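# Structural characterization, general
Residue-level listing of the chains:
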Amino acid sequence: QVQLVESGGGLAQVGGSLRLSCAASGSILRINAMGWYRQAPGKQRDVVATITAGGTINYADSVKGRFTISRDNAKNTMYLQMNVLKPEDTAVYYCYASLLQYGSARYQDYWGQGTQVTVSS
């Protein structure tokens, strides 16, 4: 059984910083793309940042220059460093991974349970 577990969310002040982590565990042979998504109340889930196994990174325009995505392939862990936080960054943040399990012939998509980030002014 594969699990993605996020941590590091919470309350921050405008202009402050938070660091999210996403740890993947289980019978994982290989992880391909990983990413962070967020969903604010009443809105759809949107991509924040993605990173491939080879390290290619993409950011949503709204977070460019403020957020940094990274991953540690040896630990099956992904991070999101969020700086200069704004009230509009308030949302539930979800991690995503496309991964291959032992004994499986194809990659499957997995999601974490989400972690709340609240930015107050």
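Everything discussed here concerns the structure shown above.
Residues numbered from 1 in each chain as written. Predicted model: local features only at pLDDT ≥ 70, side-chain atom pairs only at ≥ 80, totals over all residues. Heavy atoms only, no water.

## Comments concerning the layout of surface pockets
- Space inside the largest pocket adds up to approximately 190 Å³.
- Grouping the amino acids of the lining of the largest pocket by side-chain chemistry returns two nonpolar, four polar and seven charged. (1 Å grid on protein atoms, 1.4 Å probe; cavity = no way out; pocket = protein on both sides within 12 Å on 5 of 7 lines; lining within 4 Å. Points joined across faces, edges and corners; volume = space filled by probe spheres on them. Nonpolar A, V, L, I, M, F, W, Y, C, P; charged D, E, K, R; others polar.)

## A closer look at the pairing of strand S3 (residues 18–25)
- The sheet contact formed by strand S1 (residues 3–7) and S3 spans five bridges and is antiparallel. Looking at S3, one finds that Glu6 is bridged to Cys22.
- Alignment of S3 against strand S8 (residues 77–82), held across six bridges, turns out to be antiparallel. From the neighbouring strand, Leu18 faces S8, where its bridge partner is Met82. (Pairing = 2+ DSSP bridges. Helix = DSSP H or I, 4+ residues; strand = E, 2+ residues; numbered from the N terminus.)

## As for the sheet that holds strand S7 (residues 67–72)
- Taken in spatial order, the four strands line up as S1-S3-S8-S7 in an open sheet, and their pairing is antiparallel. Every other strand in the sheet has two partners, leaving S1 and S7 as the edge strands with one partner each. For this sheet the average axis-to-axis angle between neighbouring strands, irrespective of direction, equals 15°.
- Pairing between S7 and S8: six bridges, direction antiparallel. (Axes fitted to C-alpha atoms, helices over the stretch in contact; angles between N-to-C directions.)

## Some thoughts on the side chain of Arg66
- The topology assignment puts Arg66 in the loop between strand S6 (57–59) and S7.
- By relative accessible area, which is 9% here, Arg66 ends up buried.
- Here Ser62 takes part through its backbone oxygen, which lies 2.8 Å from a polar atom of the side chain of Arg66.
- At 2.9 Å, the side chain of Arg66 and the backbone oxygen of Val84 are in polar contact.
- Once residues within four sequence positions are removed from consideration, Arg66 is found in contact with Gln81, Met82, Asn83, Val84, Leu85, Lys86 and Asp89. (Buried < 20%, exposed > 50% of the residue type's maximum accessible area, 1.4 Å probe, protein only. Polar contact = N/O pair within 3.5 Å; in protein donor to acceptor, adjacent residues only side chain to side chain. Contact = heavy atoms within 4.5 Å.)

## Observations concerning the pattern of salt bridges
- One pass over the structure, following the stated rule, counts three salt bridges.
- Notably, a salt bridge pairs Lys64 with Asp61, separated by 3.1 Å at the nearest N-O pair.
- Across the pair Arg66 and Asp89 runs a salt bridge whose closest N-O atoms are separated by 2.8 Å. You can see Arg66 sitting in the loop between S6 and S7 and its partner Asp89 sitting in the loop between S8 and strand S9 (91–101), a full 23 residues away along the chain.
- Of the residues examined, Asp89 reaches a relative accessible area of 0% and is grouped as buried.
- Three or more residues joined by partner-sharing salt bridges are found here, namely Arg38, Arg66 and Asp89. (Salt bridge = Lys/Arg side-chain N within 4 Å of Asp/Glu carboxyl O.)

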